[in-house]
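# Structure at a glance
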Amino acid sequence: MLLHMSHSARETMSTPLHSVSVAGAVIREDGRLLAIRRADNGTWELPGGVLELAESPEEGVAREVWEETGIRVEVGELTGVYKNMAQGVVALVFRCNPAGGEERTSSETTAVEWLTPAEITNCMTEVYAIRLLDAIDHAGPHVRSHDGRRISPKSAR
């Protein structure tokens, strides 16, 4: 069977599939960062989700932050690229400034809070906390890999 397939068909079969997600590291003037508690698993994360096929990464960030938190944002620069090696998910994180709206929960969130960096370190798993901490250090963009819970030692620079 494989012998009769075209080169492009064989190539497509071996091409790995990845999901691309986007997230906003929304930073207020007082240095607090926007965080959500997810409705499906109760974990604290930064607002974000799967990038839709017809939208740019910046459009996806603005949409996801608005849908999950009620906050409108101005999307700034890319601060990090994070790959979940176990699930094949690549997350792009952008620094954002709040530009209006009011905090509210959604069907995807049970809490929306502005947290300090210390609070983020205490309430988020390492793979989500690092995304916000990377965004405030202005040394990025960072490129990191993880297993879903811990940053891979080779990418923890």
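Residues numbered from 1 in each chain as written. Predicted model: local features only at pLDDT ≥ 70, side-chain atom pairs only at ≥ 80, totals over all residues. Heavy atoms only, no water.

Attention shifts here to the overall build of the protein. Counting secondary structure elements, the protein contains 4 helices and 8 strands. Moving toward the C terminus, one meets the helices and strands of the protein in the order α-β-β-β-β-α-β-β-β-α-α-β. Total accessible area computed for the protein in this model is approximately 8,900 Å², and 54% of it derives from carbon and sulfur atoms. (Helix = DSSP H or I, 4+ residues; strand = E, 2+ residues; numbered from the N terminus. Areas by Shrake-Rupley, 256 points an atom, 1.4 Å probe, with all protein chains shown as cover.)

Attention shifts here to the side chain of E55. Relative to the assigned elements, E55 resides in the loop between β4 (48–50) and α2 (57–69). The class of E55 is buried, set by a relative accessible area of 15%. Here the side chain of E55 touches R63 through a polar contact of 2.6 Å, side chain to side chain. With near-sequence residues (within four places) excluded, E55 lies in contact with V50, G60 and R63. (Buried < 20%, exposed > 50% of the residue type's maximum accessible area, 1.4 Å probe, protein only. Polar contact = N/O pair within 3.5 Å; in protein donor to acceptor, adjacent residues only side chain to side chain. Contact = heavy atoms within 4.5 Å.)

Right, let's get into the packing of aromatic side chains. The relation between two aromatic rings is expressed through the spacing of the ring centres and the mutual angle of the planes. Under the definition given, this model contains 0 aromatic pairs. Between R104 and the ring centre of W66, over which it is positioned, the NZ or CZ distance is 5.2 Å. (Phe/Tyr/Trp six-rings, centres within 6.5 Å; stacked < 30°, edge-to-face > 60°. Lys NZ or Arg CZ within 6 Å of the ring centre and 35° of its normal.)

This part takes up the sheet that holds strand β7 (residues 109–115). With antiparallel pairing, 3 strands are arranged side by side in an open sheet as β3-β2-β7. Edge positions in the sheet fall to β3 (44–45) and β7, since each has one partner strand and no second. (Pairing = 2+ DSSP bridges.)

The next subject is the confidence of the model for the protein. Within the protein, residue pLDDT values average 90, and 90% of them lie at 70 or more. Every residue in residues 5–10 scores below 50 in pLDDT, and together they form 4 contacts with partners more than four places removed in sequence or on other chains. (pLDDT = per-residue confidence, 0-100.)

Turning to the nonpolar core, a few remarks are in order. Judged by nonpolar contacts, the single largest core of 20 residues is most densely connected at A25, W44, L46, V93, I120, M124 and L132. The set of elements that each furnish at least two residues to this core consists of β1 (19–26), β2 (33–38), β6 (89–101), β7 and α4 (126–137). If sequence neighbours within four positions are ignored, L46 has contacts with A23, G24, A25, L34, I36, V93, M124, Y128, R131 and L132. Core analysis: the next-biggest nonpolar cluster, separate from the first, contains 15 residues, V22, V61, V73 and F94 among them. (Core = buried A, V, L, I, M, F, W, Y, C linked by side-chain atoms within 4.5 Å.)

Across the junction of G140 and P141, the peptide omega takes the value 10°, indicating a cis bond. With respect to the helices, strands and loops of the structure, P141 is situated in the loop between α4 and β8 (142–146). At H138, a position not held by glycine, the phi torsion is positive, near 55°. Considering the arrangement of structural elements, one finds H138 in the loop between α4 and β8.

Turning next to the pairing of β7. The buried fraction of β7 is high, at 5 of 7 residues. Bridge count for β2 against β7 is 6 bridges, and the pairing is antiparallel. Its bridge partner being in β7, I36 is matched across the sheet by V112.

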